[in-house]
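# An overview of the molecular structure
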Amino acid sequence: MKQVSMMIHTSHLYTMSGSGVGYRNNETIVIDNGKIVGLGPRTEMEQAYQAAEVIDAKDYMVLPGLIDGHMHSRHGFLRGVAQDMGHDRWMMGCMAPF
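All of these numbers come straight from a predicted model, not from anything done at the bench. (Residues numbered from 1 in each chain as written. Predicted model: local features only at pLDDT ≥ 70, side-chain atom pairs only at ≥ 80, totals over all residues. Heavy atoms only, no water.)

## With respect to the pairing of strand β2 (residues 23-32)
Strand direction decides the pairing type here: strand β1 (residues 2-14) and β2, joined by eight bridges, are antiparallel. If you follow methionine 7 over to β2, its bridge partner there is valine 30. Note that β2 and strand β3 (residues 35-41) share six bridges and pair antiparallel. Along β3, the bridge assignment pairs glutamate 27 with proline 41. Connecting β2 to the next strand, β3, in antiparallel fashion are two residues, including asparagine 33 with a positive phi near 50°. (Pairing = 2+ DSSP bridges. Helix = DSSP H or I, 4+ residues; strand = E, 2+ residues; numbered from the N terminus.)

Here it is as structure tokens:
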């Protein structure tokens, strides 16, 4: 049995590889020193690896390696500027003019 940093047990895993965006159900991700070293059914991963930390993410969707490149940096500077203005269209009616 190999010692690793972490195991994550999940019900919903998207690998972004293969059909259906790589959806895998009820699997375990094995991570060692920040790198994914194993992926498969929980029983198989627990037989092959011993983890220092185990995370139960069964109620969460796991997207390993996801980097969200969609961002609105300029809106970060304006956070809080328009939300308190009492306008039902705060984004376009209040924040956009700034």
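Picking up after the structure, the text goes on.
## What about the packing of aromatic side chains?
Under the criterion given, the structure shown has one aromatic pair. Judged by centre distance (5.1 Å) and plane angle (55°), the rings of tyrosine 14 and tyrosine 23 are tilted. Judged by relative accessible area, which is 36%, tyrosine 23 ranks as partly exposed. (Phe/Tyr/Trp six-rings, centres within 6.5 Å; stacked < 30°, edge-to-face > 60°. Buried < 20%, exposed > 50% of the residue type's maximum accessible area, 1.4 Å probe, protein only.)

## Thoughts on the side chain of glutamate 27
As for its placement among the helices and strands, glutamate 27 is situated in strand β2. In this view, glutamate 27 contacts Ile8, His9, Thr10, Leu13, Leu39, Gly40 and Pro41; residues no more than four positions away in its chain are not counted. (Contact = heavy atoms within 4.5 Å.)

## With respect to the environment of proline 64
With respect to the helices and strands, the residue proline 64 is situated in the loop between β4 (49-62) and α2 (73-77). With a relative accessible area of 29%, proline 64 lands in the partly exposed category. Not counting the four nearest positions on each side in its chain, proline 64 is found in contact with Leu13, Tyr14, Ile29 and Ile36.

## Here we look at the sheet that holds β1
If you trace the four strands from one edge of the open sheet to the other, you get β3-β2-β1-β4, paired in mixed fashion. Of all strands in the sheet, those with a lone pairing partner are β3 and β4, marking the two edges. Along the sheet, successive strands turn relative to each other by an average axial angle of 25°, direction set aside. (Axes fitted to C-alpha atoms, helices over the stretch in contact; angles between N-to-C directions.)

## Some remarks on the pattern of salt bridges
Scanning the entire structure with this criterion turns up two salt bridges. Where glutamate 27 meets arginine 24, a salt bridge forms, and the shortest distance between an N and an O atom there is 3.1 Å. With relative accessibility at 30%, the residue arginine 24 sits in the partly exposed group. (Salt bridge = Lys/Arg side-chain N within 4 Å of Asp/Glu carboxyl O.)

## Observations concerning the environment of methionine 1
By secondary structure assignment, the location of methionine 1 is in the segment before β1. Note on methionine 1: relative accessible area 66%, which makes it exposed. Sequence separation between methionine 1 and glutamine 50 is 49 residues; the distance between their C-alpha atoms is 6.3 Å. In contact with methionine 1, not counting residues within four places along its chain, are Glu46, Gln47, Ala48, Tyr49 and Gln50.

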